[in-house]
Amino acid sequence: WFPGLREQILTLYKWRWSASYPLQKRVRGCLLRKYKIHLTYGEILIFIPLAVLAIVCVFQTFLAPSVSGTGKAARFAVVAALLFAQKNSYITMVLGVPFDRAVVFHKISGYVAVITGILHGVAYFLDEDFMPSGSDSSESIGNRGRGGRGGRPANNSFVDSDEEGGTGFQTRISELFEGSINFSGTMILICIISMFLTSLPIIRRKLFEFFYFIHLVLLVGIICGTAYHTGIMVPLIVFGTTGVDLIIRKLIMPYRYPSEATLRIISESVVEISFPKVKNFDYNPGQYVYIAI
């Protein structure tokens, strides 16, 4: 329909691959070879921010407790995990990291999201000056005569007793489910930890359909929770990554590429897969395709 636009897109693709080619070269080093670690320069650019993110989150949890700082770190890790999970990925487009290697960083980002999410919760107990805006906790604590800053108790000790006979730690546990912000944050953490547990190899390899279904359900829970906990930014990013990817794969590609194939067993270890080559199925020598069965 738009031949001129097609030529411009092809020119952009050629420039993209030539510009990202240096990032696809492997980093050479005796230490990396010793531990059989194979990384490209593009993957180093991905790994370093994730490592720094985890270190900074630890610092903002135990040395300088900051609920806001650890919350931003956890949010960034969740967004990174989403970016690396797409087959039609911005990471692949910009850095030239193929999907099979981007999945590795999806897992790493997921681990970082679990760690930073837990540290965010720990920081909530340690940060004396924090009270989430829009939470009902401030009012409920104030009604009990708690005189701390922003509705917090004045003494932030884990074992400090309150007037009702409970401890400060017990009070903070009850706060986790008070107000829309606290409740949604707790639900997000539960969903992230559940994602981690159900994606362990023993479950993923033996019950893949269950793992995939639960992954999608928990992703919806995280999206709904972040809409209440942090605002509209994360849901918009999910739509721009996962949403666009699903539109391309589920709505556009089924009409453009073959969806039926013929299987023939040639030997005990070889299976032939045949499918019609449609008119617009273009490829160059050396390229490969992913076959979803």
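Residues numbered from 1 in each chain as written. Predicted model: local features only at pLDDT ≥ 70, side-chain atom pairs only at ≥ 80, totals over all residues. Heavy atoms only, no water.

Undergrad: Whenever I open this one, the overall build of the protein chain confuses me. Can you help?
TA: Summing up its helical and strand segments, the protein chain has twelve helices and two strands in all. Start at the N end of the protein chain and walk to the C end: the helices and strands fall as α-α-α-α-α-α-α-α-α-α-α-α-β-β. Burial statistics for the protein chain: of 293 residues in total, 32% are counted as buried. Taking contacts inside the protein chain between residues at least 6 apart in sequence as the whole, the part at least 24 apart equals 55%. When the accessible area of the protein chain is evaluated, it comes to approximately 19100 Å², of which 67% is carbon and sulfur surface. (Helix = DSSP H or I, 4+ residues; strand = E, 2+ residues; numbered from the N terminus. Buried < 20%, exposed > 50% of the residue type's maximum accessible area, 1.4 Å probe, protein only. Contact = heavy atoms within 4.5 Å. Areas by Shrake-Rupley, 256 points an atom, 1.4 Å probe, with all protein chains shown as cover.)

Undergrad: Where do I start with the nonpolar core in this structure?
TA: Across soluble globular proteins, nonpolar side chains show a tendency to be buried alongside one another. By size, the foremost hydrophobic cluster in this structure holds 20 residues, and its most contacted members are Val78, Ile192 and Ile222. Those residues in contact with valine 78, other than ones at most four positions away along the chain, are Ala113, Ile192 and Ile222. Grouped together as the second largest cluster of nonpolar side chains are nine residues, Ile46, Leu50, Val97 and Ala102 included. (Core = buried A, V, L, I, M, F, W, Y, C linked by side-chain atoms within 4.5 Å.)

Undergrad: Even after reading the chapter, I still don't get the packing of helix H9 (residues 179-198) against helix H11 (residues 208-229), so can you show me in this structure?
TA: Packed helix pairs are characterised by how far apart their axes lie and by the angle those axes make with each other. Between H9 and H11, the least distance of the axes is 9 Å, while the angle of their chain directions is 160 degrees. One finds that H9 runs roughly antiparallel with respect to H11. The two elements H9 and H11 cross, and the hand of that crossing is left-handed. Contact with H9, carried on its side by Ile181, Ser184, Gly185, Ile188, Cys191, Ile192, Ser194, Met195 and Thr198, involves Phe210, Phe211, Ile214, His215, Leu218, Leu219, Gly221, Ile222, Gly225, Thr226, Tyr228 and His229 of H11 and no other residues of that element. (Axes fitted to C-alpha atoms, helices over the stretch in contact; angles between N-to-C directions. Parallel < 35°, antiparallel > 145°, perpendicular 65-115°, else oblique. Left-handed = near helix turned anticlockwise from the far one by under 90°.)

Undergrad: What is the right way to look at the pairing of strand S2 (residues 271-274) in this model?
TA: Moving residue by residue along a regular strand, the side chains alternate between the two faces of the sheet. Bridge analysis of strand S1 (residues 262-265) against S2 gives four bridges, and the strand direction is antiparallel. Each residue of the ladder has a partner; that of threonine 262, found in S2, is serine 274. Two successive antiparallel strands, S1 and S2, enclose a turn made up of five residues. (Pairing = 2+ DSSP bridges.)

Undergrad: Sorry, what's going on with the packing of helix H4 (residues 67-84) against helix H6 (residues 99-126) here?
TA: Relative orientation of the contacting elements H4 and H6 amounts to 160 degrees, with a least axis distance of 8 Å. Considering the angle they form, H4 stands roughly antiparallel to H6. Seen from above, H4 lies across H6 with left-handed handedness. Across the contact of H4 with H6, the residue classes break down as 16 nonpolar, eight polar and no charged. (Nonpolar A, V, L, I, M, F, W, Y, C, P; charged D, E, K, R; others polar.)

Undergrad: Help me understand the packing of aromatic side chains in this model?
TA: When we look at a pair of aromatic rings, we describe it by the centre distance and by the angle of the planes. Taken as a whole, this structure holds six aromatic pairs when the rule is applied. Judged by centre distance (5.9 Å) and plane angle (85 degrees), the rings of tyrosine 111 and phenylalanine 196 are edge-to-face. Of this pair, tyrosine 111 sits in helix H6 while phenylalanine 196 is found in helix H9, placing the two residues 85 residues apart along the sequence. With a relative accessible area of 29%, phenylalanine 196 lands in the partly exposed category. Aromatic pair tyrosine 124 and phenylalanine 125: ring centres 6.1 Å apart, planes at 90 degrees, arrangement edge-to-face. The same class applies to tyrosine 124 as to phenylalanine 125, namely buried. (Phe/Tyr/Trp six-rings, centres within 6.5 Å; stacked < 30°, edge-to-face > 60°.)

Undergrad: Which parts of the structure should I look at to understand H4?
TA: For the α-helix, the turn length of 3.6 residues means that residues three or four positions removed from each other point alike. For H4, built from 18 residues, the straight-helix expectation of 26 Å at 1.5 Å per residue is met to within 8% by its first-to-last C-alpha distance of 26 Å. Of all 18 residues that make up H4, 13 are buried, and the element is covered over most of its length. (Expected span 1.5 Å × (residues − 1).)

Undergrad: What's the story with a nonpolar patch on the surface in this structure? I'm lost.
TA: On the surface, a cluster of nonpolar side chains totalling about 670 Å² of accessible area is made up of Leu263, Ile265, Val271, Ile273, Phe275, Val289 and Ile291. Of all the secondary structure elements, the ones that give two or more residues to the nonpolar patch are S1 and S2. Of note, valine 271 is situated in strand S2. (Patch = residues over 30% accessible without salt bridge, like charges linked within 9 Å, V, L, I, M, F, W, Y side chains within 5 Å. Salt bridge = Lys/Arg side-chain N within 4 Å of Asp/Glu carboxyl O.)

Undergrad: Where do I start with the pattern of salt bridges in this structure?
TA: Pairing of side chains with opposite charge becomes possible as their charged atoms draw close. Evaluation of the coordinates by the stated rule reveals one salt bridge. In this structure, glutamate 272 and arginine 264 form a salt bridge, with 3.1 Å as the shortest nitrogen-oxygen distance.

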